[in-house]
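# Inside the fold
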Amino acid sequence: FGGDVIDAATYERMRGAVRARLSAFRDRLKAAGKEAPRHLLGTSGTITTIAGVTLGLKRYDRCKVDGCWLTREQVRSACRRLRAMSREERAAMGCIGRERADLVVAGCAILEEILELWPVERIRVADRGLREGILTGLMREDGIDVRAETT
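Below is a summary of the structure that appears in this document. Please read these numbers as outputs of a predicted model, since none were measured by experiment.

Let us now look at the pattern of salt bridges. For the coordinates displayed, the defined rule picks out 10 salt bridges. The partner of Arg-62 in a salt bridge is Asp-127, with the nearest N and O atoms 2.3 Å apart. Of the two residues, Arg-62 is situated in helix H3 (residues 62-65) and Asp-127 in the loop between strand S3 (122-126) and helix H7 (129-141); the sequence distance between them amounts to 65 residues. Arg-62 sits in the partly exposed class, given a relative accessible area of 30%. For Asp-102, the salt bridge is made with Arg-87, and the minimal N-O distance between the two is 3.9 Å.

In structure tokens:
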């Protein structure tokens, strides 16, 4: 979909592509009897970037982002703001930078679709969850008693 200029029509196409995939996943969860969540947990990437933008951070600060809560409207507002910016404007933001400036709007499209399909009022932001979870899994595969290592 590109990352420089993303107009409203392109953004809606992005969301449509995501919607098709996530809807099937949501339907499988419903069929398995899973209840809709009361809130969501977002880890790394787009959600931490949106948290930094929402908090008005000049530079990314893991201590301020990790564990914070964002409301549905805060997420949508940050996504609207980021969509309205050029790639260069996004790159100039300390919480985004050049390496993520072309990716963050696509992440917003994914996140907004998640909020459409699971309309929770708030999301908890975790900066470390995914990486540490992968590391814990790899340690278990190697036979390391993770409980003993983390205490």
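With that settled, consider the layout of surface pockets. In this approach a probe as big as a water molecule rolls over the atoms, and the regions it shows empty are the leftover space. Within this model, the largest pocket holds a volume of roughly 340 Å³. Around the largest pocket, the lining is made up of 16 residues, and of these Leu-40, Leu-41, Gly-42, Leu-111 and Ile-114 lie nearest the centre. Contributions of two or more residues to the lining of the largest pocket are made by helix H1 (8-31), strand S1 (40-43), helix H2 (45-54) and helix H6 (104-117). Taken together, the residues that form the lining of the largest pocket break down as 11 nonpolar, five polar and no charged.

Let us look at the packing of helix H4 (residues 72-84) against H6. Describing two packed helices takes the angle between their axes plus the distance from one axis to the other. Interaxial distance between H4 and H6 falls to 10 Å at its minimum, and their mutual angle equals 150 degrees. As the angle between them shows, H4 and H6 are arranged roughly antiparallel. In this structure, the crossing between H4 and H6 has a hand that is left-handed. Together, Arg-72, Val-75, Arg-76, Cys-79, Leu-82 and Arg-83 of H4 and Val-104, Val-105, Cys-108, Leu-111, Glu-112, Leu-115 and Glu-116 of H6 make up the contact between the two elements. A class-by-class count of the residues in the contact of H4 with H6 yields eight nonpolar, no polar and five charged.

For the rest of this paragraph, the subject is the sheet that holds S1. What links the strands of a sheet is backbone hydrogen bonding, and the strands pair in either a parallel or an antiparallel sense. The strand order across the open sheet formed by three strands is S1-S3-S2, and the pairing between neighbours is mixed. Bordering the open sheet on either side are S1 and strand S2 (69-71), each of which pairs with just one other strand. Shown here is a sheet whose adjacent strand axes are inclined to one another by a mean of 35 degrees, direction ignored. Taken together, the four bridges between S1 and S3 define a ladder with parallel strand orientation. The residue bridging Leu-41 from the neighbouring strand is Arg-124, located in S3. Sheet contacts for H4: S2 and S3; angle to S2, the most-contacted strand, approximately 75 degrees.

Moving on, we get to the packing of aromatic side chains. Scanning all chains against the criterion turns up one aromatic pair. Look at Phe-25 and Trp-118: their rings are 6.1 Å apart centre to centre, the planes differ by 65 degrees, and that puts the pair in the edge-to-face class. Placement of Phe-25 in helix H1 and of Trp-118 in the loop between H6 and S3 is noted, with a sequence separation of 93 residues between them. You can call Phe-25 partly exposed: its relative accessible area is 39%. Here Arg-83 stacks its cationic end above the ring of Tyr-11, 4.3 Å away from the centre of that ring. Positioned above the aromatic ring of Trp-69 is the side chain of Arg-122, whose terminal nitrogen or guanidinium carbon lies 3.7 Å from the ring centre.

We now examine the environment of Trp-69. Here Trp-69 is to be found in strand S2. Accessibility expressed as a relative area gives 31% for Trp-69, which makes it partly exposed. Taking the C-alpha atoms as reference points, Trp-69 and Ile-50, 19 residues apart in sequence, are found 11 Å from one another. In this structure, Trp-69 is in contact with His-39, Gln-74, Arg-122, Ile-123 and Arg-124, ignoring residues within four places of it in sequence.

Criteria and cut-off values
- Residues numbered from 1 in each chain as written.
- Predicted model: local features only at pLDDT ≥ 70, side-chain atom pairs only at ≥ 80, totals over all residues.
- Heavy atoms only, no water.
- Salt bridge = Lys/Arg side-chain N within 4 Å of Asp/Glu carboxyl O.
- Helix = DSSP H or I, 4+ residues; strand = E, 2+ residues; numbered from the N terminus.
- Buried < 20%, exposed > 50% of the residue type's maximum accessible area, 1.4 Å probe, protein only.
- 1 Å grid on protein atoms, 1.4 Å probe; cavity = no way out; pocket = protein on both sides within 12 Å on 5 of 7 lines; lining within 4 Å.
- Points joined across faces, edges and corners; volume = space filled by probe spheres on them.
- Nonpolar A, V, L, I, M, F, W, Y, C, P; charged D, E, K, R; others polar.
- Axes fitted to C-alpha atoms, helices over the stretch in contact; angles between N-to-C directions.
- Parallel < 35°, antiparallel > 145°, perpendicular 65-115°, else oblique.
- Left-handed = near helix turned anticlockwise from the far one by under 90°.
- Contact = heavy atoms within 4.5 Å.
- Pairing = 2+ DSSP bridges.
- Phe/Tyr/Trp six-rings, centres within 6.5 Å; stacked < 30°, edge-to-face > 60°.
- Lys NZ or Arg CZ within 6 Å of the ring centre and 35° of its normal.

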